[in-house]
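Inside the fold
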Amino acid sequence: MLRRIEGLAARRTVSLQVEGRPVLALEGDSLAVALMLAGVTALRETPVSGAPRGPLCLMGACFECLVEVDGRANVQACMLGVREGMQVRLQRGAPRAEPAP
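What comes next is a walk through the structure. Keep in mind that this is a model prediction, so the values were computed, not measured.

The rules behind the values
- Residues numbered from 1 in each chain as written.
- Predicted model: local features only at pLDDT ≥ 70, side-chain atom pairs only at ≥ 80, totals over all residues.
- Heavy atoms only, no water.
- Pairing = 2+ DSSP bridges.
- Helix = DSSP H or I, 4+ residues; strand = E, 2+ residues; numbered from the N terminus.
- Salt bridge = Lys/Arg side-chain N within 4 Å of Asp/Glu carboxyl O.
- Buried < 20%, exposed > 50% of the residue type's maximum accessible area, 1.4 Å probe, protein only.
- Axes fitted to C-alpha atoms, helices over the stretch in contact; angles between N-to-C directions.

The next thing to look at is the pairing of strand 2 (residues 21-26). Both strand 1 (residues 13-18) and strand 2 contribute to a ladder of six bridges, which runs antiparallel. For Leu16, the partnering residue across the bridge sits in strand 2 and is Val23. Counted along the chain from strand 1 to the antiparallel partner strand 2, the turn is two residues long, and its residue Glu19 has a positive phi close to 55°.

All told, the structure shown has seven salt bridges when counted by the stated rule. Between Arg11 and Asp29 there is a salt bridge, with its nearest N and O atoms 3.1 Å apart. Here the residue Arg11 occupies a position in the segment before strand 1, and Asp29 occupies one in the loop between strand 2 and helix 1 (31-37), the gap between them amounting to 18 residues. The exposure class of Asp29 is buried, given its relative accessible area of 6%. Here Glu64 makes a salt bridge to Arg44, at a shortest N to O gap of 2.8 Å. With a gap of 20 residues between them, Glu64 in the loop between strand 4 (52-53) and strand 5 (66-69) and Arg44 in strand 3 (residues 44-45) connect regions that are remote in the sequence. The network of salt bridges with common partners includes Glu19, Glu45 and Arg92.

Once that is clear, we can look at the sheet that holds strand 7 (residues 87-90). A sheet is described by the order of its strands in space; here five strands give the open sequence 2-1-7-5-6, paired in mixed fashion. Every interior strand has two partners, whereas the edge strands, strand 2 and strand 6 (72-76), have only one. Strand-to-strand twist in this sheet, taken as the mean axis angle between neighbours without regard to direction, amounts to 40°. Sheet topology places strand 1 next to strand 7; two bridges connect them, and they run parallel. The residue bridging Gln17 from the neighbouring strand is Gln87, located in strand 7.

Okay, here's the thing in structure tokens:
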């Protein structure tokens, strides 16, 4: 079970939305950690079988934690810090290609 280490320095609480549901996290947490602490363990589904996938390496090597953040698809949740007001959606199926600038 994932839980915080006791006795860490106090940090500010931030609020984000995950699939429209409010989630509280601590400033400085990665989005992947904040999601796992909130009980969200399947962050995406595979394109072919729809199998759930969740954070694995937590260091940006595996790409299992891809989510959509503020309308931007294919964001590695383990590489992004939480911030107040973020809008997060879980990815289902094949990731969308970003439009050319």
